[in-house]
Amino acid sequence: GVKHLRELMGAIDAGYEAQVVFIVQMDGASHFEPNDQTHPEFGKVLREAAQKGVSVTALYCKITPDSIEAVGEVEIRL
């Protein structure tokens, strides 16, 4: 994940727009935030990417055996 976020920051530096989308599959999730206890570097780099202009989105998805459907956004807490 850190490598991909750094690549997205490079895209911003090159003049492109960039976005990272997190898929939330947990019922009742109130928000998305990086788990700094288990992967502090990811949280640090995600915050850097957001400050640099990478759009950060989290979508709650309904999962069935035949489909994945985005049904709403989840609050982002960085």
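Residues numbered from 1 in each chain as written. Predicted model: local features only at pLDDT ≥ 70, side-chain atom pairs only at ≥ 80, totals over all residues. Heavy atoms only, no water.

Chemist: Whenever I open this one, the sheet that holds strand β3 (residues 55–64) confuses me. Can you help?
Modeler: Strand pairing in a sheet relies on backbone hydrogen bonds. The paired strands run either parallel or antiparallel. A sheet is described by the order of its strands in space; here three strands give the open sequence β1-β3-β4, paired in mixed fashion. Each end of this open sheet is capped by a strand with a single partner; those strands are β1 (19–24) and β4 (67–73). With direction set aside, neighbouring strand axes in the sheet form an average angle of 40°. With six bridges joining them, β1 and β3 adopt parallel strand pairing. What sits directly across from Gln19, in β3, is Ser55. (Pairing = 2+ DSSP bridges. Helix = DSSP H or I, 4+ residues; strand = E, 2+ residues; numbered from the N terminus. Axes fitted to C-alpha atoms, helices over the stretch in contact; angles between N-to-C directions.)

Chemist: Explain the packing of aromatic side chains to me, please; I cannot follow it from the model alone.
Modeler: Two numbers describe a pair of aromatic rings. These are the distance of the centres and the angle of the planes. By the definition in use, this model includes two aromatic pairs. Centre to centre, the rings of Phe22 and Phe42 are 6.2 Å apart; their planes meet at 90°, and the pair counts as edge-to-face. Taken together, the positions of Phe22 in strand β1 and Phe42 in helix α2 (residues 40–52) put the pair 20 residues apart, joining distant regions of the chain. With relative accessibility at 17%, the residue Phe42 sits in the buried group. In this structure an aromatic cluster arises from ring pairing among Phe22, Phe32 and Phe42. (Phe/Tyr/Trp six-rings, centres within 6.5 Å; stacked < 30°, edge-to-face > 60°. Buried < 20%, exposed > 50% of the residue type's maximum accessible area, 1.4 Å probe, protein only.)

Chemist: What is the right way to look at α2 in this model?
Modeler: The periodicity of an α-helix, 3.6 residues per turn, causes residues three or four places apart in sequence to face the same way. The terminal C-alpha atoms of α2 lie 18 Å apart, and with 13 residues this matches the ideal 18 Å at 1.5 Å per residue to within 8%. For α2, the complete set of buried residues consists of Phe42, Gly43, Val45, Leu46 and Ala49. Elements in contact with the buried residues of α2: α1 (2–13), β1, β2 (31–32) and β3. With its phi angle positive at about 120°, Gly53 sits one or two positions after the end of α2. (Expected span 1.5 Å × (residues − 1). Contact = heavy atoms within 4.5 Å.)

Chemist: Is there a simple way to explain the pattern of salt bridges in this structure?
Modeler: Side-chain pairs of opposite charge can arise whenever the charged atoms involved come near each other. A full pass over the atoms with the stated rule returns five salt bridges. A salt bridge links Glu41 to Arg6; the nearest nitrogen and oxygen atoms lie 3.4 Å apart. Of this pair, Glu41 sits in helix α2 while Arg6 sits in helix α1, placing them 35 residues apart in sequence. Here Glu41 falls in the partly exposed class, since its relative accessible area comes to 41%. For Arg6, a relative accessible area of 41% puts it in the partly exposed group. For the salt bridge of Arg77 with Glu75, the shortest nitrogen-to-oxygen distance reads 3.2 Å. (Salt bridge = Lys/Arg side-chain N within 4 Å of Asp/Glu carboxyl O.)

Bear in mind that shape data such as this cannot, by itself, settle questions of function.
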